[in-house]
Amino acid sequence: MQKFSESLKLMGNNFTLTVVAKDEPVAKSGINLAIAEIRRIEQLLTTFRDDSQTALINENAGLRPVIVDDEVFGLIERSIAISGITQGAFDITYGSIDKSLWNFDKTMDKLPSPEEAQKMVHLIDYRNIILDKENSTVFLKEKGMRIGFGGIGKGYAAEMAKDKLRRAGFQSGIINASGDLTAWGAQPDGSPWGIGIANPEHPEKPFSYLSISEKAVATSGNYEKYVMIGGRKYSHTIDPKTGLPITGIKSVTVIAGNAEFADAMATPIAVMGIHAGLYMIDQIPGIECIVIDDSNKIYTSKNIKLT
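A quick note: this is a predicted structure, and the numbers were derived from the prediction, not measured.

Caption draft 1: The arrangement of helix H7 (residues 274-283) in detail. Buried residues of H7: Ile 274, Gly 277, Leu 278, Met 280 and Ile 281, and no others. The buried residues of H7 occupy one face: seen down the axis, they fall within an arc of 155 degrees. Along H7, the residues that are exposed and aim more than 90 degrees away from the buried face are His 275 and Tyr 279.

Below, the structure is given as structure tokens:
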């Protein structure tokens with residue numbers, strides 16, 4: 001058995017899909033299955049296509065409920081539950097300020113004023129997503145509200161691709177969705193899959209290693225997407241309550257049993273701040289966390305074992 005990998009851009013992110021298989025044709029057939037699954041999910045969740053279910057929900061904000069697939073309904077339901085756990089630090093209605101107030105893909109040379117940001121954040125409120133399970137509809141109460149799955153979609157897609165491969169008989173592999181990883185089985189030599197936790201100053205140099213077989217890992221860091229304004233680095237992680245970027249934290253790494261949950265929890269920890277974020281993680285079974293602050297100090301949740 002050998003390891004086979006393929007890297008490509010999916011959902012606007014770099015994905016690397018790795019499987020353990022007896023030969024390249026078998027591995028390729030599995031990787032193609034996983035790619036097709038991720039592309040299918042992208043069609044449902046993207047906000048860049050007018051005909052996606054997410055785009056239709058947003059277009060009808062304040063107007064009428066939209067019928068969606070059970071899968072999209074379930075993801076929104078779970079997103080709202082995570083908003084509840086994190087007291088709104090995770091909120092898929094952040095789409096209301098995405099690109100309009102902040103655009104990390106373009107050149108920004110000044111911060112929006114707190115007043116300007118505050119004016120926009122009134123549309124961010126997960127409690128204004130009205131779900132009707134019986135009719136499988138989603139309704140955004142306020143006109144101008146928008147949902148986006150940037151904080152959970154990659155992890156969900158990685159998890160679904162892994163399930164597809166497992167069902168197809170692949171007993172081992174790893175899906176890396178631009179830093180959100182889910183791994184199962186063991187490497188060809190029988191050793192567990194492991195990852196290095198990146199040093200935010202030198203992302204290519206890990207400072208620690210973790211065994212991640214049968215686990216998922218998500219990292220949110222200000223070294224991935226940020227703007228420099230007045231010599232200061234502003235992270236792409238926005239506090240939904242203020243509409244302004246968080247400061248003080250370089251990276252958050254979450255280890256959980258599921259990539260969707262790990263992905264969704266990485267951002268709110270940064271928003272809540274180190275002590276409140278770690279306190280929350282310590283209350284939830286089966287999830288661990290590593291936080292690095294701006295001074296490179298490392299904080300961990302209580303059950304983590306770094307090597």
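Caption draft 2: Structural context of the packing of aromatic side chains. The full count for this structure, using the stated rule, is zero aromatic pairs. The lysine or arginine in question, Arg 127, covers the ring of Tyr 126, its NZ or CZ lying 5.7 Å from the ring centre.

Caption draft 3: Here's a closer look at the sheet that holds strand S14 (residues 288-293). Ordered by their spatial adjacency, eight strands build an open sheet running S1-S2-S6-S7-S10-S13-S14-S15, and the pairing between neighbours is antiparallel. Looking along the sheet, the strands with just one partner apiece sit at the ends: strand S1 (2-10) and strand S15 (298-300). In this sheet, neighbouring strand axes are inclined to one another by 10 degrees on average, regardless of whether the strands run parallel or antiparallel. Docked against the sheet, helix H6 (residues 259-272) engages strand S7 (180-184), strand S10 (216-221), strand S13 (249-256) and S14, running at close to 150 degrees with respect to S13.

Caption draft 4: Seen up close, the nonpolar core. In terms of nonpolar packing, the biggest core is built from 71 residues, with Ile 76, Ile 129 and Val 291 touching the most fellow members. Here Ile 76 is in contact with Ile 57, Ile 92, Ile 129, Leu 131, Val 138, Ile 147 and Phe 149, once residues within four sequence places are set aside. Listed in part, the 13 residues of the second largest apolar core include Leu 181, Trp 193, Ile 212 and Ile 304.

Caption draft 5: A look at the sheet that holds strand S5 (residues 137-140). Strand order in the open sheet made by the three strands is S3-S5-S4, with antiparallel pairing throughout. One side of each edge strand has no neighbouring strand; the edge strands of this open sheet are strand S3 (66-67) and strand S4 (129-132).

Caption draft 6: Region of the structure containing the pattern of salt bridges. Under the definition given, this model contains 10 salt bridges. Here Arg 40 makes a salt bridge to Glu 37, at a shortest N to O gap of 3.0 Å. With Arg 40 and Glu 37 both in helix H1 (residues 24-45) and three residues apart, the pair spans about one turn of that helix. The exposure class assigned to Glu 37 is buried, which follows from its relative accessible area of 7%. Note that Glu 71 and Arg 40 form a salt bridge whose closest N and O atoms lie 2.8 Å from each other.

Caption draft 7: Representation of the packing of helix H5 (residues 153-167) against H6 in the model. One way to put it is that H5 packs onto H6 with a least axis distance of 7 Å and a crossing angle of 165 degrees. Taken together, H5 and H6 sit at an angle that is classed as roughly antiparallel. The way H5 lies across H6 gives a crossing that is right-handed. Contacts between H5 and H6 involve Gly 153, Lys 154, Gly 155, Tyr 156, Ala 158 and Glu 159 from the former and Ala 259, Glu 260 and Asp 263 from the latter.

Definitions and cut-offs
Residues numbered from 1 in each chain as written. Predicted model: local features only at pLDDT ≥ 70, side-chain atom pairs only at ≥ 80, totals over all residues. Heavy atoms only, no water. Buried < 20%, exposed > 50% of the residue type's maximum accessible area, 1.4 Å probe, protein only. Helix = DSSP H or I, 4+ residues; strand = E, 2+ residues; numbered from the N terminus. Arc of directions from axis to C-beta. Phe/Tyr/Trp six-rings, centres within 6.5 Å; stacked < 30°, edge-to-face > 60°. Lys NZ or Arg CZ within 6 Å of the ring centre and 35° of its normal. Pairing = 2+ DSSP bridges. Axes fitted to C-alpha atoms, helices over the stretch in contact; angles between N-to-C directions. Contact = heavy atoms within 4.5 Å. Core = buried A, V, L, I, M, F, W, Y, C linked by side-chain atoms within 4.5 Å. Salt bridge = Lys/Arg side-chain N within 4 Å of Asp/Glu carboxyl O. Parallel < 35°, antiparallel > 145°, perpendicular 65-115°, else oblique. Left-handed = near helix turned anticlockwise from the far one by under 90°.

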